[in-house]
Amino acid sequence: LALGTRLNARREMAHSLKLLGAAYYALGRYDQTNECEEKALALYRELGDQGRVSIMLNNRGETARLLGDYKAAVEFYHEALALAHEIGDRDNEMLSISNLAGARVGLGEYQAAETALRQLVPVAEVAGWGILSESYAFLAEACLGLGKVGEALTAAKQALKLAYEVGRGEYAGGAWRVLGMTVARLPEPAAIGDDVYDAKACFAASVKIFKERKLEGEHARTLREWARYEIEKGDGEKGQAMWQEARAIFEQLGMVLEVERMDFDL
């Protein structure tokens, strides 16, 4: 980035900022992520690179969504989707649809999310799209929100299977979390792969993955769901300890909206 800036090589500057933003994102340094993404997006707009503008809009949406700002995420995804459709970028169009559904889940718009994902999944499967695991995890959450526990379990299992097939640990962590949320709604543990898991085992698998990969925001989200489960099952002391641990992580990462949600839900 320093060399590109010195040479006024704007395309290289944009690429460097895009990658630097992704690195900050992985480290949980979201203020710097936003700064890099905004600058990269502005440069790609100046260059007239519509394909990368659409990609950066998706990236901006992802940062907003994982910070818990679902309304802002929806706006970014809508713009990314419209542009991807206009230029015929099918991969980014599918990504935008999936991510938009994830933001809708965050807003509690479960029916809209399910409808979009039911339409996307068969098309994406035919196209051999590589990140369907996350789409299935979003679908599982949407189904849970609608009270369709059996369908949620089917989608969550598929999310886990695909995550391991493509070697994406972060997707596996998310799949285990939604499996925990789903199994918590069942009268007994569920068969997953060759073993049987209760909700605690699913949440523990999710926490292990996110801690190993230092994905602290996602780790906190799993702790929050696990805490809800423990409190509902009557272990208030354990649940409150997990709740406060999750809140502390969100606060440390500057995820203000998630902190506010936790204070409101407490």
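Residues numbered from 1 in each chain as written. Predicted model: local features only at pLDDT ≥ 70, side-chain atom pairs only at ≥ 80, totals over all residues. Heavy atoms only, no water.

The subject of this paragraph is the pattern of salt bridges. The tally for this structure, following the rule as stated, stands at 28 salt bridges. Two residues, Arg10 and Glu46, come together in a salt bridge whose shortest N-O distance is 2.8 Å. Taken together, the positions of Arg10 in helix H2 (residues 10–27) and Glu46 in helix H3 (residues 30–47) put the pair 36 residues apart, joining distant regions of the chain. Using a relative accessible area of 51% as the deciding quantity, one classes Glu46 as exposed. Residue Glu62 is joined to Arg65 by a salt bridge in which the shortest nitrogen-to-oxygen separation is 3.0 Å. You can see Glu62 and its partner Arg65 sitting in helix H4 (residues 50–66), 3 residues apart, about one turn around the helix. In terms of burial, Glu62 and Arg65 fall into one category: buried. Taken together, the shared-partner salt bridges in this structure form one network comprising Arg177, Glu218, Arg221, Arg224, Glu258 and Arg261. (Salt bridge = Lys/Arg side-chain N within 4 Å of Asp/Glu carboxyl O. Helix = DSSP H or I, 4+ residues; strand = E, 2+ residues; numbered from the N terminus. Buried < 20%, exposed > 50% of the residue type's maximum accessible area, 1.4 Å probe, protein only.)

With that settled, consider the packing of helix H8 (residues 132–145) against helix H10 (residues 169–183). How two helices pack is summed up by the angle between their axes together with the distance between the axes. One way to put it is that H8 packs onto H10 with a least axis distance of 9 Å and a crossing angle of 20°. Judged by the angle between their axes, H8 and H10 are roughly parallel. The chirality of how H8 crosses H10 is left-handed. Residues Ser133, Glu134, Ala137, Ala140, Glu141 and Leu144 of H8 form the contact with H10, whose own contacting residues are Tyr171, Val178, Met181 and Thr182. Across the contact of H8 with H10, the residue classes break down as 6 nonpolar, 2 polar and 2 charged. (Axes fitted to C-alpha atoms, helices over the stretch in contact; angles between N-to-C directions. Parallel < 35°, antiparallel > 145°, perpendicular 65-115°, else oblique. Left-handed = near helix turned anticlockwise from the far one by under 90°. Contact = heavy atoms within 4.5 Å. Nonpolar A, V, L, I, M, F, W, Y, C, P; charged D, E, K, R; others polar.)

Looking now at the nonpolar core. Among the nonpolar cores identified, the biggest contains 60 residues, and Trp129, Leu132, Tyr136, Leu160, Trp176 and Leu179 are the most heavily contacted of them. Not counting residues up to four positions away in its chain, the partners in contact with Tyr136 are Val121, Glu125, Ala155, Gln158, Ala159 and Leu162. Ranked by size, the runner-up nonpolar core spans 14 residues in total, among them Leu41, Leu43, Tyr44 and Val53. (Core = buried A, V, L, I, M, F, W, Y, C linked by side-chain atoms within 4.5 Å.)

Quick look at the packing of aromatic side chains now. A ring pair, where both rings are aromatic, is described by two values, the distance of the centres and the angle of the planes. As enumerated under the stated definition, the model contains 4 aromatic pairs in all. Seen from their ring centres, Trp176 and Tyr197 are 4.9 Å apart, and the 50° between their planes marks the pair as tilted. A residue pair is termed long-range when its members are at least 10 positions apart, and Trp176 in helix H10 and Tyr197 in strand S2 (residues 195–197) qualify at 21 residues. The class of Tyr197 is partly exposed, set by a relative accessible area of 21%. For the ring pair Phe203 and Trp226, a centre distance of 6.1 Å and an interplane angle of 25° mean the geometry is stacked. Of this pair, Phe203 sits in helix H11 (residues 199–212) while Trp226 sits in helix H12 (residues 216–232), and the two are 23 residues apart along the sequence. Phe203 sits in the buried class, given a relative accessible area of 1%. Owing to a relative accessible area of 11%, Trp226 belongs among the buried residues under this scheme. An aromatic cluster is present here, built from Phe203, Trp226 and Tyr229 joined pairwise through their rings. (Phe/Tyr/Trp six-rings, centres within 6.5 Å; stacked < 30°, edge-to-face > 60°.)

On to the environment of Glu258, then. Here Glu258 is to be found in helix H14 (residues 256–265). Separated by 11 residues in sequence, Glu258 and Arg247 place their C-alpha atoms 7.8 Å apart. Residues contacting Glu258, with those up to four places away along its chain left out, are Leu67, Gly68, Tyr70, Arg221, Arg224 and Phe250.

With that settled, the discussion passes to the environment of Ala241. Note on placement: Ala241 falls in helix H13 (residues 236–252). As a C-alpha pair, Ala241 and Val259 span 18 residues in sequence and 15 Å in three-dimensional space.

A positive phi is found at Asn8, a non-glycine position, where the angle reads about 55°. Tracing the backbone through its elements, the reader meets Asn8 in the loop between helix H1 (2–6) and H2. One non-glycine residue, Lys214, lies in positive phi territory at about 55°. Tracing the chain through its elements places Lys214 in the loop between H11 and H12.

What follows covers the packing of helix H7 (residues 110–127) against H8. Taken N-terminus to C-terminus, the directions of H7 and H8 make an angle of 150°; their axes are 9 Å apart at the nearest point. In terms of axis orientation, H7 runs roughly antiparallel to H8. Considering the relative orientation of H7 and H8, their crossing is left-handed. Each of Tyr110, Ala113, Glu114, Leu117, Arg118, Leu120, Val121, Ala124 and Glu125 in H7 lies in contact with H8, whose residues at this interface are Leu132, Ser135, Tyr136, Phe138, Leu139, Glu141, Ala142, Cys143 and Gly145. Here the contact of H7 with H8 is composed, by residue class, of 12 nonpolar, 2 polar and 4 charged.

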